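Examination of the molecular architecture
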Amino acid sequence: MKYKGIIFDLDGVICFTDHYHYLAWKALADEIGVYFDETINNRLRGVSRMASLEIILERSEKAYTPAEKEQMAEKKNGIYRKLLEKMTPTDLSGEVKETLDALRAAGAKLAIGSSSKNTKLILSRIGLGGYFDAISDGTNITHSKPDPEVFTKAAEFLGLPPQDCLVVEDALAGIDAAVAGGFDGAGLGEAASHPKVTWPLKTFSGLMAIES
């Protein structure tokens, strides 16, 4: 094994919840009369809930108190969690599950490194509850990507130094975080084009070529 531990982002890597995030933020933005579209939504990828709200409120003519912002973020999360109830194990692709099983069989420790506070709910919905050796998510970090905290904590939970771990990301901010934390990074989607990505991937199963 080239890496003893592999740390995966959740949204856009293990499964795809971007559309649910978009629908929930759009519902909130429409309610408060702020313009929101897919382009703005792309800026929210890998960003914490409160930081995402601040991006959306850039177009607001009204100033909101911290308490009001907390209420809005909670409202969005309520809408999002309701949408997540539509998720089932069919939302986990066979390619992803087979690759995860193969990496585990080869001896790698597997972890999640996600800014989402709904990580455990999502994993449960797609049939991966209790599957990973460690989970670092929005419930135990104070800084979101591009800060490396979510990945450094995942490595700590695995009992491994960053240099023994590979981070798998689909967002540019995620690769920034990996680099800042001293990790090698494998990039999917736009992350594959990051100038500092260690391993640009075309498919999730491409991880097996790195580890072979």
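Here is a short report on the structure shown in this document.

Conventions and cut-offs
Residues numbered from 1 in each chain as written. Predicted model: local features only at pLDDT ≥ 70, side-chain atom pairs only at ≥ 80, totals over all residues. Heavy atoms only, no water. Helix = DSSP H or I, 4+ residues; strand = E, 2+ residues; numbered from the N terminus. Polar contact = N/O pair within 3.5 Å; in protein donor to acceptor, adjacent residues only side chain to side chain. Contact = heavy atoms within 4.5 Å. Axes fitted to C-alpha atoms, helices over the stretch in contact; angles between N-to-C directions. Parallel < 35°, antiparallel > 145°, perpendicular 65-115°, else oblique. 1 Å grid on protein atoms, 1.4 Å probe; cavity = no way out; pocket = protein on both sides within 12 Å on 5 of 7 lines; lining within 4 Å. Points joined across faces, edges and corners; volume = space filled by probe spheres on them. Nonpolar A, V, L, I, M, F, W, Y, C, P; charged D, E, K, R; others polar. Pairing = 2+ DSSP bridges. Right-handed = clockwise from strand over helix to strand, strands pointing away. Expected span 1.5 Å × (residues − 1). Buried < 20%, exposed > 50% of the residue type's maximum accessible area, 1.4 Å probe, protein only. Arc of directions from axis to C-beta.

What follows is about the side chain of Ser114. By secondary structure assignment, the location of Ser114 is in the loop between strand S2 (109–113) and helix H6 (119–125). In terms of polar contacts, Ser114 uses its side chain to reach the backbone amide nitrogen of Ser116, at 3.1 Å. Once you skip the residues sitting within four places of it in the chain, Ser114 turns out to touch Asp9, Leu10, Thr119, Ser136, Asp137, Gly138, Lys145 and Val150.

Further remarks concern the packing of helix H3 (residues 49–56) against helix H4 (residues 66–84). Look at H3 against H4: their axes get within 10 Å of each other, and the N-to-C directions meet at 105°. Taken as axis vectors, H3 and H4 run roughly perpendicular relative to one another. On the side of H3, the interface is formed by Arg49, Met50, Leu53 and Glu54, while H4 contributes Lys69, Glu70, Met72, Ala73, Glu74 and Asn77.

What follows is about the layout of surface pockets. Estimated volume of the largest pocket: approximately 580 Å³. If you go around the largest pocket, you meet 31 residues; those closest to its centre are Val47, Ser48, Arg49, Ser115 and Ser116. Broken down by secondary-structure element, the contributors of at least two residues to the lining of the largest pocket are helix H1 (18–32), H3 and H4. Top contributing element to the lining of the largest pocket by residue count: H4, with five residues. Grouping the constituent residues of the lining of the largest pocket by class yields seven nonpolar, 14 polar and ten charged.

What follows is about the sheet that holds strand S5 (residues 184–187). If you walk across this open sheet you meet the six strands as S3-S2-S1-S4-S5-S6, and the pairing is parallel. The strands lining the two open edges of the sheet, one partner per strand, are strand S3 (134–136) and strand S6 (199–200). Note that strand S4 (residues 165–169) and S5 share four bridges and pair parallel. Following the sheet pairing, Val168 is matched in S5 by Ala186. Set on the sheet, helix H7 (residues 149–158) makes contact with strand S1 (5–8), S2, S3 and S4; between it and S3 the angle comes to about 160°.

In this section: the pairing of S5. For the crossover from S4 across helix H8 (residues 172–180) to S5, the handedness is right-handed. Two strands pair when backbone bridges link them, and S5 and S6 are joined in this way by two bridges, in the parallel orientation. Pairing of Ala186 across the sheet is with Trp199, part of S6.

As a further point, take helix H5 (residues 94–105). The first and last C-alpha atoms of H5 sit 16 Å apart over twelve residues, in line with the 16 Å expected at 1.5 Å per residue. Here H5 has its buried residues at Val96, Thr99, Leu100 and Leu103. Along the axis of H5, the buried positions cluster into a sector of 100°, meaning they face one direction only. Summarising the geometry of H5, the exposed residues directed more than 90 degrees from the buried face are Glu98 and Ala105. Immediately beyond the C-terminal end of H5, within one or two residues, lies Gly107, with a positive phi of roughly 110°.

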